[in-house]
There are 2 protein chains.
Amino acid sequence: MKGLALALVHHPVLDRQGGVVTTAITNLDLHDMARSARTYGAEALFIVHPIEAQRLLAERVREHWVEGSGKRRIPDRAHAMDLLRVVPSLEDAYQALGGRGAIEVWTTAASARGRAVTSYAEARERLAAVERPVVILFGTGWGLTGEVVAGADVRVAPIRARADTGYNHLSVRAACAITLDRLLGV
Amino acid sequence: MKGLALALVHHPVLDRQGGVVTTAITNLDLHDMARSARTYGAEALFIVHPIEAQRLLAERVREHWVEGSGKRRIPDRAHAMDLLRVVPSLEDAYQALGGRGAIEVWTTAASARGRAVTSYAEARERLAAVERPVVILFGTGWGLTGEVVAGADVRVAPIRARADTGYNHLSVRAACAITLDRLLGV
């Protein structure tokens, strides 16, 4: 592995009718995904949001925990929240990692929507052997747009239970935790 | 498997100094853990809280999503939130499942604290073969008390990454998702 980053995408993502929208930042996404990222050894968590006021909110949350009174109350949290990188677009995240051509972009989704996907067993082997940094994208709302998914180097298979439970609606926080555990857990 | 329930415990749990405390309910715990439970086929999510006002809060959240306007907005969420069972104590959760003697109580923890634990590989086999209902306890705050952990039938091993990242502070929402995936994922 040459370095792993995560990106939580608030735009472009889908709403429940399939339209392209921008979602609001959820405070606990930042905490949970930063803690999971740090636990499994990811080096950065990009928070992708095109609206400046939302980026400032995320920056303030980060500062509270990395430098402010949050750090004094829960010192461990600083080591996780320190991974946050707040950027306006996916392109900015890619640039920070060396540019689109220098990295692998992986996507996650609750449904393959007919596209070819990579199993977790294969993805785990590929991540261990890959010679470029990898960034795994997680969509908020109803998920990443078809264009983002189509442009990825790897589309990781949807997470599912062994039993057919007829339900597959994990939160992005839960999906991120499971993805990291499947790729990097013991 | 003879039926699986989860329990999110707000008392008795530890604070960061190791004292026994009661924590407040976090709205997103109910959503995330209910969605994970439903995705992996658990039949109930007990919300254990000794304070009536906190139980009423949890009941109102449940009603909003199972019967109220939340259901109209996101119908899928109703199928998950319908798993919530709000009870004053762990004993009440055990009684609802047939009584302590009729079930297996499993605990999860971020640290084994020197106790013997069951690996996830073993726990997965045991869960598939067990002839009594199983309830898996998740602690809020700084985790379940020593007494609760000592009284369990199975103490599942702490979740960890393959690499030594020096950090193991998952949110209870993330830990619950990973536990279910390790026990019941494909």
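As the structure is a computational prediction, the values presented were derived from the model and not from experiment. Just so you know, the residues in each chain are numbered from 1, in the order the chain's sequence is written. Numbering of ligands from 1 and lettering of chains from A proceed in the order in which they are written. Residue-level local features of this predicted model are given only where pLDDT is at least 70; pairs of side-chain atoms are given and counted only at 80 or more, and the full residue set underlies all totals for whole chains, interfaces and linings. Based on all heavy atoms of the structure, the side-chain values leave hydrogens and waters out of the count.

## A look at the interface of chain B and chain A
Turning to step 1, where the next piece is worked out: Residues count as neighbours in contact if any of their non-hydrogen atoms are within 4.5 Å of one another. Each partner contributes residues to the interface: chain B has 38 residues there, and chain A has 38 residues.
Turning to step 2, where the next piece is worked out: When two parts are brought into contact, each loses some accessible area as probed by a 1.4 Å sphere; the total of that loss over both is the buried area. Note on chain B versus chain A: buried area summed over both sides is about 3,500 Å², and carbon and sulfur give 51% of it.
Turning to step 3, where the next piece is worked out: Area buried by chain B at its contact with chain A is led by T39(B), R162(B) and Y167(B), which between them contribute 20% of it.
Turning to step 4, where the next piece is worked out: Only one rule defines a salt bridge in this text: a Lys or Arg side-chain nitrogen within 4 Å of an Asp or Glu carboxyl oxygen. Linking chain B with chain A are four salt bridges, by the criterion used here.
Turning to step 5, where the next piece is worked out: Between R182(A) and D181(B) there is a salt bridge whose closest N-O contact spans 2.6 Å.
Turning to step 6, where the next piece is worked out: Residues adjacent in sequence count toward polar contacts only when both atoms are side-chain atoms; beyond that, a polar contact is any pair of N or O atoms within 3.5 Å, and within protein one must be able to donate a hydrogen and the other to accept it. Counting the contacts that link chain B with chain A gives 26 residue pairs in polar contact (both at pLDDT 80 or more).
Turning to step 7, where the next piece is worked out: The helix and strand labels rest on DSSP assignments: H or I over at least four residues marks a helix, E over at least two residues marks a strand, and numbering proceeds from the N terminus. Elements with a minimum of two residues in the side of chain B that touches chain A: α1 (27-40), α4 (75-81) and α8 (172-184) of chain B.
Turning to step 8, where the next piece is worked out: No other element matches α8(B), which puts eight residues into the side of chain B that touches chain A.
Turning to step 9, where the next piece is worked out: Polarity classes work like this: nonpolar for Ala, Val, Leu, Ile, Met, Phe, Trp, Tyr, Cys and Pro, charged for Asp, Glu, Lys and Arg, and polar for all others, with Gly in that last group. Taken together, the residues of the side of chain B that touches chain A sort by class into 15 nonpolar, 10 polar and 13 charged.

## With respect to the relation of the copies chain B and chain A
Turning to step 1, where the next piece is worked out: Least squares is used to superpose the copies, and the fit set is the C-alpha atoms of residues whose pLDDT is at least 70 in both copies. Once chain B has been moved 0.0 Å along the axis and rotated by 180 degrees, it coincides with chain A to within an RMSD of 0.0 Å. When the rotation and shift are considered jointly, the pair of chain copies conforms to a two-fold rotation axis.
Turning to step 2, where the next piece is worked out: A symmetric contact is evident, with 100% of the interface residues of chain B recurring at the interface of chain A.

## Considerations on the sheet that holds strand β5 (residues 84-87) of chain B
All names here are of chain B.
Turning to step 1, where the next piece is worked out: The sheet built from six strands is open, its strands ordered β5-β4-β1-β7-β6-β8 with parallel pairing. Here the strands that pair on one side only, and so sit at the sheet edges, are β5 and β8 (154-155).
Turning to step 2, where the next piece is worked out: For strand β6 (residues 104-107) and β8, the ladder comprises two bridges, and the chain directions are parallel. Paired with T107 across the two strands is R155, which belongs to β8.
Turning to step 3, where the next piece is worked out: The strands touched by helix α2 (residues 52-66) within the sheet are β4 (44-48) and β5, with β5 carrying the most contacts at an inclination of about 165 degrees.
Turning to step 4, where the next piece is worked out: Lines are fitted to the C-alpha atoms to define the axes, a helix being fitted only along its stretch in contact, and any angle between axes, read from their N-to-C directions, falls within 0 to 180 degrees. In the packing of helix α6 (residues 120-129) onto the sheet, the strands contacted are β1 (4-9), β6, β7 (134-139) and β8, and the crossing angle to β6 comes to about 155 degrees. A pair of strands is labelled paired if DSSP reports no fewer than 2 bridges between them.

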